[in-house]
Each structure stands twice: as structure tokens, then as C-alpha cells.
Amino acid sequence: MPSVHVVGSVNLDLVATAARLPAPGETVGGARLARHPGGKGANQALAAARLGAEVTFTAAVGRDPEAAAAIALLEAASGLALDVHRVDEPTGVALIAVDGDGENQIVVAPGANAALATSHLPEVIDADALLAQLEVPLATVDAALRRATGLRCLNAAPADHGAAALLTHCDCVIVNETERAALGSALTGFDGLVVTTLGAAGAVAHRGGRRLAASPPLVDVVDTVGAGDAFCGALVTELAGGADLERALAMAVTAGALATERPGAQPSLPTRADVEARCPSPC
């Protein structure tokens, strides 16, 4: 299986599930509270490992009790090597509200993620693929992309207009519609692979003049948190392993869909067997 190096964030997710999401200024009661490991970087690293990649994950956490809970599932995962640095900032926390249909609102306090520095990175990132996101400093992401020897993939999330400067060092960019809009005209001259996720409608991929679309299987949605990260981990794992774009996209939309069937970002991430069992052709 391919090697994937992930550089990104670690959070402890505090998830409140209620019948509906609050309007601005409104309080909604009767919610259930749960704690789950999360963070886009951690989620994507674990997603890739569960799909069979040999994963190295570079990240930062605090020296606080929350750190242990935030990396617990990563430490227990097979095929995942942790390069986690302890810093003098609190471990990142995400406050997540989820409604009865699985839709969510998220507020992130980055904490230690904002302290992940270029000095924490290997001098050379020698893996079949690098996968990075934007919950750590842009300078760190830029350095990681420059130091990578394999396929360089950026999930430009959350939306940040500054990410346009990173495209020069990317081979693949993964965005949702909001993140694509934030990059704007910068994508016009980008000659790599651009993959846009469309929620329940699946995803589309563009490279040169070629366009591919993939639709996910039908699922009973419980919680959409982590679905995009499952998609990213699966797509990059497949591409790094030499799969053609059609298969990689089909596997990715299936992984993203299956991640909505259970609560929590990391607990819901599917295995390769799960994805291949539910993936439509050409899997």
C-alpha cells in the first residue's frame, strides 16, 4: 500500500446534538454532549490509515489532559506513525452543534495547531503523497508542500484566500464549493487536479480538459462531521497507490458517504472493506 504523510491539525471535538441548530442569538436546549477526537489533519490521517495506507502524521498538541483524548484513536491505529509535538499552547478544540438531520455548525479554537511550525517538519517529506489542510499556519503548509517528494495534495479547508499562494507547489487541490469560491481566479491557471466535493451530490474532478463526476451510495445520515475528511483520505490514498482518477473518485465519495452513518468524525471513518463493499462501479 502507498505511503502518505499528513501535516495538519489535532482537535478534541465537543459535539452537542440537538433537534435543530440555533438561529443567531438563540439558545436551543435538550442537547446530548459527546467528546470525540478530531481535527482535519488527524481525521484525514486516520482515514488514510483505515484505507490501508502507511501513514505518518505531523501535528502539535498541548501539554494538557485534552491531548491524550485527542490522539487516542491515532495511537491505537494500525499503520499510523505519529510525529506529534508538545507545545506550550492548549490542545485545539472544536465546538460542534449537530441537528437531527446530521447538519452541523463548527467553531474551532486552534490552540496548539497554530503553533505547528516549519521546524517541526522533516527536512524531506519522502512519501508517495503529502496531504495538508489549512487548520495550521500557511507558512507550515507551504514548507510541507515544498519539501514533499511525492504527489502534493492540498485540502484548502477551511476557506482561506491566502491559500491561493500555495497552488504553485500543489499537484492536487480538494475543495468544497465555498472553498473553491475563496480561491477564485487562482484556480483558473492551475494545471493540476481540482476536486470539488458537493455533499450528497458527490464530487467532480477537473484536470486539463477532462471532467469526471461520481455519486455516492445512499446512506442514512446521522452526522456529517468528518465526511469531507474521509473523502480526502480515501482520494489521496487511492491516487498515491496508482489508482486511476475514476476509481479514486468513486472510492472517495463512498468513504465520505459512509462516514455520515455514525456520530463523531474519527469513530465514523470507514475501513477499506467497508468502502469496497458499498462502492459503485468502477471500484
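Throughout what follows, the structure given in this document is the object of discussion. Bear in mind the structure is a predicted one, so any value in this text is a computation, not a measurement. (Residues numbered from 1 in each chain as written. Predicted model: local features only at pLDDT ≥ 70, side-chain atom pairs only at ≥ 80, totals over all residues. Heavy atoms only, no water.)

## Brief notes about the pattern of salt bridges
- Counted under the stated rule, the structure contains 10 salt bridges.
- In this structure, the salt-bridge partner of Lys-40 is Asp-229, at a minimum N-O distance of 3.7 Å. With Lys-40 in helix 1 (residues 40-50) and Asp-229 in helix 6 (residues 227-240), this pair connects stretches of sequence that are 189 residues apart.
- We classify Asp-229 as buried; its relative accessible area is 4%.
- For Glu-238, the salt bridge goes to Arg-247, with nearest N and O atoms at 3.2 Å.
- Several salt bridges share partner residues, and in doing so they unite Glu-238, Arg-247, Arg-272 and Glu-276 into one network. (Salt bridge = Lys/Arg side-chain N within 4 Å of Asp/Glu carboxyl O. Helix = DSSP H or I, 4+ residues; strand = E, 2+ residues; numbered from the N terminus. Buried < 20%, exposed > 50% of the residue type's maximum accessible area, 1.4 Å probe, protein only.)

## Points about the pairing of strand 10 (residues 172-176)
- Burial within strand 10 is extensive, with 4 of its 5 residues counted as buried.
- In the sheet, strand 9 (residues 151-155) pairs with strand 10 via 3 bridges, with the strands oriented parallel. Within strand 10, the position partnered with Asn-155 by the bridge is Ile-174.
- The sheet contact formed by strand 10 and strand 11 (residues 193-197) spans 5 bridges and is parallel. Within strand 11, the residue paired with Val-173 across the bridge is Val-194.
- The handedness of the strand 10 to strand 11 crossover, carried by helix 5 (residues 177-183), is right-handed. (Pairing = 2+ DSSP bridges. Right-handed = clockwise from strand over helix to strand, strands pointing away.)

## Description of the sheet that holds strand 7 (residues 104-109)
- The 4 strands are arranged 3-2-6-7 in an open sheet whose pairing can be described as mixed. The open sheet terminates on both sides in strands that have one partner only, identified here as strand 3 (32-38) and strand 7. Averaged over all pairs of adjacent strands, the angle between their axes in this sheet comes to 20 degrees, without regard to strand direction.
- Across 7 bridges, strand 2 (residues 11-17) lies against strand 6 (residues 92-98) in parallel orientation. Within strand 6, the residue paired with Val-15 across the bridge is Ile-96. (Axes fitted to C-alpha atoms, helices over the stretch in contact; angles between N-to-C directions.)

## Observations regarding the packing of helix 1 against helix 6
- At a closest axis distance of 8 Å, the pairing of helix 1 and helix 6 adopts a crossing angle of 50 degrees. Of the possible angle classes, the one that applies to helix 1 and helix 6 is oblique. When the axes of helix 1 and helix 6 are compared, the crossing they make is right-handed. Between helix 1 and helix 6, the contacting residues are Lys-40, Asn-43, Gln-44, Ala-47 and Ala-48 on the first element and Asp-229, Ala-230, Cys-232, Gly-233 and Thr-237 on the second.
- When its residues are assigned to classes, the contact of helix 1 with helix 6 shows 4 nonpolar, 4 polar and 2 charged. (Parallel < 35°, antiparallel > 145°, perpendicular 65-115°, else oblique. Left-handed = near helix turned anticlockwise from the far one by under 90°. Contact = heavy atoms within 4.5 Å. Nonpolar A, V, L, I, M, F, W, Y, C, P; charged D, E, K, R; others polar.)

## What to know about the pairing of strand 7
- Bridge count for strand 6 against strand 7 is 6 bridges, and the pairing is antiparallel. Across the sheet, residue Ile-96 finds its bridge partner in strand 7, namely Ile-106.
- In this structure, the hairpin formed by strand 6 and strand 7 is closed by a connection of 5 residues, where Gly-102 is found at a positive phi of approximately 90 degrees.

## Regarding the nonpolar core
- Within the largest apolar cluster, 54 residues are counted, with the highest numbers of intra-cluster contacts made by Val-55, Phe-57, Leu-80, Phe-231, Leu-235 and Leu-249.
- Non-local contacts of Val-55, meaning those with residues more than four positions away in its chain, are made with Val-4, Val-6, Ala-45, Ala-48, Ala-49, Gly-79, Leu-80 and Ala-81.
- Ranked by size, the runner-up nonpolar core spans 28 residues in total, among them Leu-116, Leu-145, Ala-148 and Cys-170. (Core = buried A, V, L, I, M, F, W, Y, C linked by side-chain atoms within 4.5 Å.)

## So, the sheet that holds strand 4 (residues 54-61)
- Taken in spatial order, the 9 strands line up as 5-4-1-8-9-10-11-12-13 in an open sheet, and their pairing is mixed. For this open sheet the edge positions go to strand 5 (80-86) and strand 13 (210-214), each flanked by a neighbour on one side alone. Each adjacent strand pair in this sheet contributes to an overall mean axis angle of 15 degrees, direction not counted.
- Contacts from helix 1 reach strand 1 (3-7), strand 4, strand 5, strand 8 (129-132) and strand 9, with the element oriented near 165 degrees to strand 4.

## Points about the layout of surface pockets
- Roughly 1300 Å³ of internal volume is contained in the largest pocket.
- Contributing to the lining of the largest pocket are 47 residues, with Asn-176, Thr-224, Gly-226, Ala-227 and Gly-228 lying nearest its centre.
- Residue assignment for the lining of the largest pocket shows that the elements contributing at least two residues are strand 2, helix 1, strand 6, strand 7, strand 10, helix 5, helix 6 and helix 7 (245-258).
- A per-element tally of the lining of the largest pocket places helix 6 first, with 5 residues.
- Here the residues of the lining of the largest pocket are counted per class, giving 24 nonpolar, 16 polar and 7 charged. (1 Å grid on protein atoms, 1.4 Å probe; cavity = no way out; pocket = protein on both sides within 12 Å on 5 of 7 lines; lining within 4 Å. Points joined across faces, edges and corners; volume = space filled by probe spheres on them.)

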